[in-house]
Amino acid sequence: MGIPAAQVDVTEQITGPAMNVAFIDGQPTPAAHAFAKKSGVGVSQLERVTTSKGEYLSAKVTKKGRGAAEILAESLPKEIASIYWPQNMYWRKRGEVFVRPVRWLVAMLDEEVIPLEVFGIKAGNRSRGHRILANRDISIPRAGEPYVSALRDAKVLSRGAREQQIREALDAATRTIPGARWREDKNLLDTVVNLTEFPFAVLGGFDPDFLGLPEEVLVTVMRDHQKYFAVEDANHKLQPHFLAVLNTDGDPQGIIRHGHERVLRARFNDARFFWEADQKHSLRERVTWLKHVTFQKDLGSYYEKTRRVQRVCSWLAERIRDSGIAIRPGVLHKAACLSKTDLTTELVKEFTELQGIVGGLYARVQILDYDLKEDVRQAIATAIYDHYKPESMEDPVPRTTEGALLSIADKADSIAGMFALGLQPTGSKDPFALRRQANGIVKIIAETKLPLNLTQLFEYAREAYRGSAAEKKFSASVDYAEAVRSFFRERLEFYLRDVLGFKYDVVNAVLVAGADDVVDALARAEAVTQVRPSEDFESISAAFKRIKNILRQASETQKQVAASIDSNLLREQAERDLAAAIPQIAKKVEELRGGRRYQQALLEISRLRPAVDTFFDKVMVMVDDQHLRANRLALLQTLLKEFSTIADFSAIVTEKEKVQ
């Protein structure tokens, strides 16, 4: 809809051979004939044009615009074939893959069928209705609303209509239980919307005795394994009911409901059996079992990973405690020791998405140490429960400092080992989900305001592998420190720009000045955003661009820059004023920067504007006198160095640049 029927005709002037080649003694040569044929005109229609290089033949060529149907017929098969799916299917020729076998194809422009072929199937104007409610061919009279209406009559709804119908059906079914409501779950809703064509919801129930199992287990079984919505009361307490979304128009005899209840009962019985069987062995016993669970073929077992994570946690605890943040090292150490033991449990083997969560649940109910206080045990359980968080930028971070540090240590160990092996992400490939784990580290540090240095963290994470069998397999060709530094700069850039919404030039300016301290970078980005609209800051940013260009040109032409500013060579009043202002303002900026009062520090830097503007108005930097020039270059270099620790102002795009 809204597509032009054809491209606009384009007329262009093309230049051919030189006149002395195209005509000899007034007669056209083969070169002239060839050019005329190529241009689609007669020799008599060729024109003579004069250029800076001489006289040449020229021709006006009109390229007729192609029809929309012709262009679509050529481009759509390529677009369909290029769609990325995590898993594909072969059903025809080797090399032709799609998410599902393609049985028919509708491609129309208004009433016209677009003549294209995909996977051996020619496009037409016929589709099929719902396979149960309207199992028949249907004719599509026209693209747009008639297409939607024809499918709706055949019990196939659009995505938006399916979601609305599902929500209404869930609401209607839940209203039959006083005080109940279905638990909102966006991911599950998206899933069932895409699994149905004409959805309907059915309410089912289960034995209330199953509510004795942890809610996390019950909801996981319902949501991840059966695609059921949970039902809760006004206080978010789980109720013994579920909602299944069907691809049909009803269940008048309750046969489908009974079937779903029977399947769910079996799944819950399995979960209860695994839960009870797992309690026969404590998490403490399971630590040594981790020796037989492989973390990664070159990085050893989960037992070895646990020991490394404990060492990193101890290092983190010292840094956090030294900064004045409350931390219980014993809780962190014990949580790190037990964090991976649930990988040996039957419940996690059956429900892999519950790893970490099961460990936390078991730690709540098991005796970890006989003399352990209840609040300490619960703190250990919470840290274990949360240590995989956040699994996406939408997920919450761990609730406690101990959980946050355990999560950071676990993720840092994985990233350090993979990078040392040379297995860092490339392009769209990230088989070990290292970007997600790095995003998690950045998000945790940013939201919990932990004073951690990323370079130091990953130096220690790499050091934790020292002397291990894994270290012998590390790649000697990998510049580990630079690879990790570059990787986390990208992740921090993504977090500041795409997650928090800072302008790209603000992010670039801030990260040039330092990307090791996430909390500090965030504070500097906020400060630059606050002062950016001021006229003085705009002017200073433009001046710093000019300074950087002058220094770059001096370097390229091998002009000497003095090691320090010589006050005896400050001839002009403007350069003396600037030289005097730099140390005064630099001292105030350093004090403010030490207290992370970056907005005030940036406003102080903006006070340099009059002195800088006057300097460039009155002083010529690149003079012939090499001593004078070197001193003035040193003055500019000092200015740039002293006041680029918060942000690289030359990276800021000014309003003048936007207009240009």
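Residues numbered from 1 in each chain as written. Predicted model: local features only at pLDDT ≥ 70, side-chain atom pairs only at ≥ 80, totals over all residues. Heavy atoms only, no water.

1. Thoughts on the packing of helix α21 (residues 535–556) against helix α25 (residues 626–642)
Across the interface, α21 lies against α25 with an axial gap of 10 Å and an inter-helix angle of 130 degrees. In terms of their interaxial angle, α21 and α25 are classed as oblique. Of the two possible hands of crossing, α21 and α25 adopt the one that is left-handed. The segment α21 lies against α25, with Phe-544, Ile-547, Lys-548, Ile-550, Leu-551 and Ala-554 engaging Leu-633, Leu-636, Gln-637, Leu-639 and Leu-640. Split by residue class, the contact of α21 with α25 holds 9 nonpolar, 1 polar and 1 charged. (Axes fitted to C-alpha atoms, helices over the stretch in contact; angles between N-to-C directions. Helix = DSSP H or I, 4+ residues; strand = E, 2+ residues; numbered from the N terminus. Parallel < 35°, antiparallel > 145°, perpendicular 65-115°, else oblique. Left-handed = near helix turned anticlockwise from the far one by under 90°. Contact = heavy atoms within 4.5 Å. Nonpolar A, V, L, I, M, F, W, Y, C, P; charged D, E, K, R; others polar.)

2. Side note on the sheet that holds strand β14 (residues 181–182)
Read across the open sheet, the 4 strands follow the order β14-β16-β17-β15; overall the sheet is antiparallel. Lying at the two open borders of the sheet, with one neighbouring strand each, are β14 and β15 (200–205). The pairing of β14 with strand β16 (residues 228–232) spans 2 bridges and is classified as antiparallel. In the strand pairing of β16, Arg-181 is matched with Glu-232. (Pairing = 2+ DSSP bridges.)

3. With respect to helix α16 (residues 434–448)
Here α16 contains 15 residues, and its C-alpha end-to-end distance of 21 Å stays within 8% of the 21 Å for a straight helix at 1.5 Å per residue. Counting buried residues along α16, 11 of its 15 residues qualify, which places the element largely inside the surrounding structure. Within α16 the residues assigned to the buried category are Leu-434, Gln-437, Ala-438, Asn-439, Gly-440, Ile-441, Val-442, Lys-443, Ile-444, Ile-445 and Ala-446. Within two residues after α16, Lys-449 carries a phi angle of roughly 60 degrees, on the positive side. (Expected span 1.5 Å × (residues − 1). Buried < 20%, exposed > 50% of the residue type's maximum accessible area, 1.4 Å probe, protein only.)

4. Examining the pattern of salt bridges
Any two side chains of opposite charge can pair, given that their charged atoms come close. Counted by the stated rule, this structure contains 53 salt bridges. Arg-66 is the salt-bridge partner of Glu-70, the closest N and O atoms lying 3.2 Å from each other. Glu-70 sits in the partly exposed class, given a relative accessible area of 44%. Using a relative accessible area of 28% as the deciding quantity, one classes Arg-66 as partly exposed. (Salt bridge = Lys/Arg side-chain N within 4 Å of Asp/Glu carboxyl O.)

5. As for the layout of surface pockets
Of the voids in this model, the largest pocket is the one considered here, and its volume is about 1,900 Å³. For the lining of the largest pocket, the secondary structure elements donating two or more residues are α3 (68–82), β8 (108–109), β12 (126–128), α4 (145–153), α5 (159–174) and α6 (186–195). A total of 3 residues in the lining of the largest pocket trace back to one element, the largest contributor, which is α4. Quantified by volume, the second largest pocket comes out at close to 1,400 Å³. Along the wall of the second largest pocket there are 39 residues; nearest its centre are Glu-353, Ile-357, Lys-389, Glu-391 and Asp-395. Elements supplying a minimum of two residues to the lining of the second largest pocket: α6, α7 (215–225), β18 (294–296), α10 (302–322), α15 (401–421) and α16. (1 Å grid on protein atoms, 1.4 Å probe; cavity = no way out; pocket = protein on both sides within 12 Å on 5 of 7 lines; lining within 4 Å. Points joined across faces, edges and corners; volume = space filled by probe spheres on them.)

6. Some remarks on the domain arrangement of the protein
Domains assigned within the protein are domain 1 (10–63), domain 2 (159–278), domain 3 (293–329 + 383–501) and domain 4 (528–659). Taken over C-alpha atoms, the centre of domain 1 sits 76 Å from the centre of domain 2. (Domains from an automatic or database assignment.)

7. Some details on the packing of aromatic side chains
The description of an aromatic ring pair rests on the distance of the ring centres and on the angle between the ring planes. Applying the stated criterion to the full structure yields 18 aromatic pairs. Ring centres of Phe-273 and Phe-274 lie 5.8 Å apart, and the angle between their planes is 65 degrees; this geometry places the pair in the edge-to-face category. What makes Phe-273 exposed here is its relative accessible area of 55%. The class for Phe-274 is buried, based on a relative accessible area of 14%. The rings of Trp-85, Trp-91, Phe-98 and Phe-119 are connected pair by pair, giving a single aromatic cluster. Seen from the ring of Tyr-303, Lys-291 lies directly overhead, with NZ or CZ sitting 4.8 Å from the centre. Sitting over the ring of Phe-295, Lys-305 keeps its end group 4.4 Å from the ring centre. (Phe/Tyr/Trp six-rings, centres within 6.5 Å; stacked < 30°, edge-to-face > 60°. Lys NZ or Arg CZ within 6 Å of the ring centre and 35° of its normal.)

8. Here's the deal with the sheet that holds strand β4 (residues 47–51)
Pairing within the open sheet is antiparallel, and its 3 strands lie in the order β1-β5-β4. The strands lining the two open edges of the sheet, one partner per strand, are β1 (10–18) and β4. Strand-to-strand twist in this sheet, taken as the mean axis angle between neighbours without regard to direction, amounts to 45 degrees. Pairing analysis gives 7 bridges linking β1 to strand β5 (residues 54–63), with the strands arranged antiparallel. Bridging from a neighbouring strand, Thr-15 pairs with Ser-58 of β5.

9. Considerations on the state of the cysteines
The final tally for this structure, using the stated rule, is 0 disulfides. Of the cysteine sulfurs around Cys-313, a residue in no disulfide, the closest is that of Cys-337, at 11 Å. Exposure remark for Cys-313: the relative accessible area of 1% places this residue in the buried category. When its relative accessible area of 15% is taken as the criterion, Cys-337 is described as buried. (Disulfide = S-S within 2.5 Å.)

10. Quick look at helix α23 (residues 598–606)
Residues of α23 that are buried: Tyr-598, Ala-601, Leu-602, Glu-604, Ile-605 and Ser-606. Looking at the buried residues of α23, the elements they touch are α20 (518–531), α21, α22 (573–594) and α24 (609–618).

11. Notes on the side chain of Arg-524
Following the sequence through the fold, Arg-524 ends up in helix α20. Looking at Arg-524, its side chain comes within polar contact range of the main-chain oxygen of Ile-646, at 2.8 Å. If sequence neighbours within four positions are ignored, Arg-524 has contacts with Val-510, Ala-513, Gly-514, Tyr-598, Thr-645 and Ile-646. (Polar contact = N/O pair within 3.5 Å; in protein donor to acceptor, adjacent residues only side chain to side chain.)

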